[in-house]
Amino acid sequence: MNVIPDSPAIRHGGETLPLVEVRGHSLPLQAGNAFLGDLASGSRFRELLREERHRIEVRGAPPFGHDRTHEIGGDELDAALLERATTPEGRIIDQAIQTFSRHLADVLVRFLDTADWEGTQRIACGGGLMEGLVGAEIVERTTRLLQEGGKPVPLSRLHHAPDEAGMIGWAYAAPSSVIQEAPGFVAVDIGGTNIRWSTVRHNGAPASSAEPEVVHHQKWGHAEEGVDREALLDRLVDGIAEMSRRAEQDGLHLSALIGISCPGVMRSDGKFSDGCQNLPGAWCDPSFSLPQEIDDRLKQKDIREKIVALHNDAVIQALSEWPRMKDVERWAAVTMGTGLGNCSFVNR
């Protein structure tokens, strides 16, 4: 069951991909009344940071100034981490990292005890939280906690920036019959906060040692504007058209592929069954098919003969790491964004 078979009947969210078998993704594990992933998402880290800011009392200006916690930039957090022993900001970020790392280790232990994750040899960590010194510290501490808890599975960060990994992964998810028809393709990553568009040059991957690269990139924060589902879809297709136009201007020939990655569990017909609660509107409506909606809007713009393929965003982001995981049999990944994505693989 391929993501993009050679026949016109596309099966979305496929388990058997050219390079891996997807053992599972979006595991719906519970922690009391909450989803297990809510304990270790990028959003949860910011909550812990806010709690620590309120807990530590200092004279004068509050730690990190008067900025709201979600507005504190990654560079500022990294700088504070370097001063963990001497400043209130350093103590705050150090404690938030320690608490979050314990939560993440607990979540990963639960995942490793499932049938889907059984025998996992490595875990890749992606998402915006993994950037910078803070991400590196979380990975190091969580690895140590897993070892102390009897689960010595090494963690590593994705080698590509999160914004790019969710695009590049399509070079390893799509069959070569589609990828190799042109040097580039369009990819879209739909998140609970942002949408990202790109054109990707595959550079012969996966057969070549040269890795794919993002050529054009665009980002839109849809959550800030509070748009509904229809407005989001209209803007999404405008972005695809813009990527195609820029590729044409730069002489980058594109294949028919438009790879769409998105949170949730999708059926082979492109409809969602679960896991898209962070997206605006009723994405799990049984009458709603994201690929069909995109295809209809593309045709209205006279963009035809495109293959719209849909898969889970954690799966696609994780597959960007395949060149560094191909020497093991079983591996997995988590992505820390608005929620916590998870997936596990067996290499073919």
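Anything mentioned here points back to the structure above.
Residues numbered from 1 in each chain as written. Predicted model: local features only at pLDDT ≥ 70, side-chain atom pairs only at ≥ 80, totals over all residues. Heavy atoms only, no water.

Helix and strand counts for the protein stand at eleven helices and 14 strands. A globule of 348 residues ought to have a C-alpha radius of gyration of about 20 Å, and the protein, at 20 Å, matches this closely. Along the first, second and third principal axes, the C-alpha set of the protein runs to 65 × 45 × 40 Å. The proportion of buried residues among the 348 residues of the protein is 53%. Once local pairs closer than 6 in sequence are excluded, the contacts in the protein between residues at least 24 apart make up 69%. Within the structure as shown, the protein displays about 15100 Å² of accessible surface, and the carbon and sulfur contribution to it stands at 45%. Put simply, the protein has 36 plus and 51 minus side-chain charges, and the middle of one group is 2 Å from the middle of the other. (Helix = DSSP H or I, 4+ residues; strand = E, 2+ residues; numbered from the N terminus. Rg over C-alpha atoms; globule rule 2.2 N^0.38 Å. Buried < 20%, exposed > 50% of the residue type's maximum accessible area, 1.4 Å probe, protein only. Contact = heavy atoms within 4.5 Å. Areas by Shrake-Rupley, 256 points an atom, 1.4 Å probe, with all protein chains shown as cover. Lys, Arg positive; Asp, Glu negative; His and termini not counted. Charge placed at Lys NZ, Arg CZ, Asp CG, Glu CD.)

An order of S1-S14-S13-S4-S5 is seen for the five strands of this open sheet, with the pairing classed as mixed. Here the strands that pair on one side only, and so sit at the sheet edges, are strand S1 (20-25) and strand S5 (155-157). The average undirected angle you get between the axes of adjacent strands in this sheet is 25°. In the sheet, strand S4 (residues 122-126) pairs with strand S13 (residues 330-336) via five bridges, with the strands oriented parallel. In the strand pairing of S13, Gly126 is matched with Thr335. Sheet strands in contact with helix H3 (residues 88-112) are S4, S5, S13 and strand S14 (340-347), and its direction is about 140° off that of S13. (Pairing = 2+ DSSP bridges. Axes fitted to C-alpha atoms, helices over the stretch in contact; angles between N-to-C directions.)

By the definition in use, this model includes six aromatic pairs. For the pair Phe111 and Trp117, a centre-to-centre distance of 5.0 Å together with 35° between the ring planes defines the contact as tilted. Considered together, Phe111 and Trp117 belong to a single accessibility category, that of buried residues. Among the aromatic residues, those joined into a cluster by ring pairs are Phe272, Trp283 and Phe288. The ring centre of Phe288 lies 4.1 Å from the NZ or CZ of Arg229, which sits over that ring. The lysine or arginine in question, Arg235, covers the ring of Trp220, its NZ or CZ lying 5.7 Å from the ring centre. (Phe/Tyr/Trp six-rings, centres within 6.5 Å; stacked < 30°, edge-to-face > 60°. Lys NZ or Arg CZ within 6 Å of the ring centre and 35° of its normal.)

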